[in-house]
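Read off the chains here:
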Amino acid sequence: MSELVPEPRPKPAVPMKPVSINSNLLGYIGIDTIIEQMRKKTMKTGFDFNIMVVGQSGLGKSTLVNTLFKSQVSRKASSWNREEKIPKTVEIKAIGHVIEEGGVKMKLTVIDTPGFGDQINNENCWEPIEKYINEQYEKFLKEEVNIARKKRIPDTRVHCCLYFISPTGHSLRPLDLEFMKHLSKVVNIIPVIAKADTMTLEEKSEFKQRVRKELEVNGIEFYPQKEFDEDLEDKTENDKIRQESMPFAVVGSDKEYQVNGKRVLGRKTPWGIIEVENLNHCEFALLRDFVIRTHLQDLKEVTHNIHYETYRAKRLNDNGGLPPNKKLCASLKRSGEGFNL
Ligand SMILES: Nc1nc2c(ncn2[C@@H]2O[C@H](COP(=O)(O)OP(=O)(O)O)[C@@H](O)[C@H]2O)c(=O)[nH]1
Ligand SMILES: [Mg+2]
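Basis of the calculations
- All chains use their own residue numbering, which begins from 1 and follows the written sequence.
- For this description, chains carry letters from A and ligands carry numbers from 1, given in the order in which they are written.
- Residues qualify for local features only when their pLDDT is at least 70, as the model is predicted, and side-chain atom pairs are given and counted only at 80 or more; totals for whole chains, interfaces and linings, by contrast, use all residues.
- Side-chain calculation: all heavy atoms of the structure are included, whereas hydrogens and water are not.
- Among buried residues, the Ala, Val, Leu, Ile, Met, Phe, Trp, Tyr and Cys ones that are joined through side-chain atoms within 4.5 Å form a nonpolar core.
- Only protein chains enter the accessibility calculation, which uses a 1.4 Å probe; a residue whose area is less than 20% of its type maximum is buried, one above 50% is exposed, and one in between is partly exposed.
- Every helix listed is a DSSP run of H or I at least four residues long, and every strand listed is a run of E at least two residues long, numbered separately from the N terminus.
- Any pair of residues with heavy atoms lying within 4.5 Å of one another is described as a contacting pair.
- By convention in this text, a residue qualifies as near a molecule or strand provided that one of its non-hydrogen atoms is within 4 Å of it.
- We define a polar contact as two N or O atoms separated by no more than 3.5 Å, with the added condition that, inside protein, one atom must be a possible hydrogen donor and the other a possible acceptor, whereas residues neighbouring each other in sequence contribute only through side-chain atom pairs.
- Exposure was quantified through the Shrake-Rupley algorithm and a 1.4 Å probe, taking into account, for residues, occlusion by the shown protein chains and nothing else.
- Under the scheme applied here, ten amino acids are nonpolar (Ala, Val, Leu, Ile, Met, Phe, Trp, Tyr, Cys and Pro), four are charged (Asp, Glu, Lys and Arg), and all others, including Gly, are polar.
- Under the pairing criterion, centres of Phe, Tyr and Trp rings, with the six-membered ring standing for Trp, must be within 6.5 Å; the plane angle then separates stacked pairs below 30 degrees from edge-to-face pairs above 60, leaving the rest tilted.
- Here, a charge over a ring means that NZ of Lys or CZ of Arg falls within 6 Å of the ring centre while also lying within 35 degrees of the ring normal.

**Some points on the nonpolar core**
Stage number 1. Counting 71 residues, the largest nonpolar core has L162, F179 and I190 as the members making the most contacts within it.
Stage number 2. Residue contributions to this core peak at seven residues, all from helix α4 (residues 127-145).
Stage number 3. If we ignore the near neighbours within four places in the chain, the residues touching L162 are I51, M52, V53, V54, L64, L68, I190, V192 and L287.

Right under this line is the structure:
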């Protein structure tokens, strides 16, 4: 009797699916602890956040920054002093503070630009501000290309620029347009309407619409820029901000008052107290939530991945592909070493 030889089985036409490892079978792996690990690291190292305020004197920049961080983080403009000289040029002042909340340290630097737009001829007055922003990119780049790199490069790059629009109820001034046109390519600009308590509800909503239209007509992209939305969720969330909230109409104050048994930040007027954190009174709380609670990390990422990257690529191109650190280039040339970035 002949034995039955089993026929070789045909190979499956479709490659077999990779076996997915069911974590239920193996037990708990602990991938989700990465969040806790990252939290611990951030708590240890803290993080830098640099915010710049730009706009004409008296629009409430210092007051708003104080309101934003509920502490005296930006020096208040001193009262008028006859001896004091009116600054002739835009003078840039950076004031650093460490703010701690829930064990997390934020090294906050507020960059104030007193004197912006205060001259009779304000032509090119955005230039010193652009120069300052680029200088911070340059500093970071130099640190990055150093052979002996610091473990953590101090980050002085401007992550966010609050641009204060005067609450005229008319339209943007040429200076506003010039500034935003030039600077929106190098930094995240968030336009805000200053002193919104000086406008009626109708005036405010009309003015907001007009400003949005003017920015669009002039091709000015403010933060959050459409092209950098990463997915549909981002797009839906940011579209709402771009089409409804921007520019945030804010009121600032660092004085506290008692309202219904609670202490609130507000402005006392003959007709009542304007509560800065009350959404029925102004959009300060929206701006604060936007900058700190929902978009802080994104502001940092867009600064690093888009604005700084653009600067870096241009700088390296201009330099024939070499890093801008001349000393380093010279020393490497001498020693005959080459290196890649
Ligand atoms: N009505 C109103 N006044 C404000 C507001 N914010 C600040 N001020 C006042 O405007 C003046 C100038 O404010 P300041 O913060 O020094 O302006 P900066 O020159 O832009 O820094 C001060 O008297 C503030 O009390 C606001 O939202 N509404
Ligand atoms: Mg000021």
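**A few points about the environment of K41**
Stage number 1. Within the secondary structure, K41 is located in helix α2 (residues 33-45).
Stage number 2. Overall, K41 belongs to the exposed group, its relative accessible area being 60%.
Stage number 3. For the pair formed by K41 and V104, sequence separation is 63 residues and the distance between their alpha carbons is 9.8 Å.

**Thoughts on the site of ligand 1**
Stage number 1. What surrounds ligand 1 is a group of 14 residues, the closest being G58, K61, S62, T63 and D197.
Stage number 2. For ligand 1, an oxygen atom lies 2.8 Å from a polar atom in the backbone of G58.
Stage number 3. A distance of 3.1 Å separates a nitrogen atom of ligand 1 from a polar side-chain atom of R267.
Stage number 4. Against a free-state accessible area of 570 Å², the protein chains account for coverage of 76% of ligand 1.
Stage number 5. Per-element tally for the shell around ligand 1: the top contributor is helix α3 (residues 61-69), with three residues.
Stage number 6. For the shell around ligand 1, the per-class residue count stands at three nonpolar, seven polar and four charged.

**Points about the packing of aromatic side chains**
Stage number 1. For the structure on display, the rule yields eight aromatic pairs.
Stage number 2. Between F116 and F179 the ring centres are 5.2 Å apart and the planes differ by 75°, which places this aromatic pair in the edge-to-face class. Pair noted here: F116 is in the loop between β3 (104-112) and α4 and F179 is in helix α5 (residues 174-183), with a separation of 63 residues, a long-range link. Here the two residues F116 and F179 agree in accessibility, since each one is buried.
Stage number 3. Judged by centre distance (6.0 Å) and plane angle (50°), the rings of Y137 and Y308 are tilted. Here Y137, found in helix α4, pairs with Y308, found in helix α9 (residues 296-318); they are 171 residues apart in sequence, far enough to count as distant. Both residues of the pair, Y137 and Y308, belong to the buried class.
Stage number 4. Positioned above the aromatic ring of F140 is the side chain of R157, whose terminal nitrogen or guanidinium carbon lies 3.6 Å from the ring centre.

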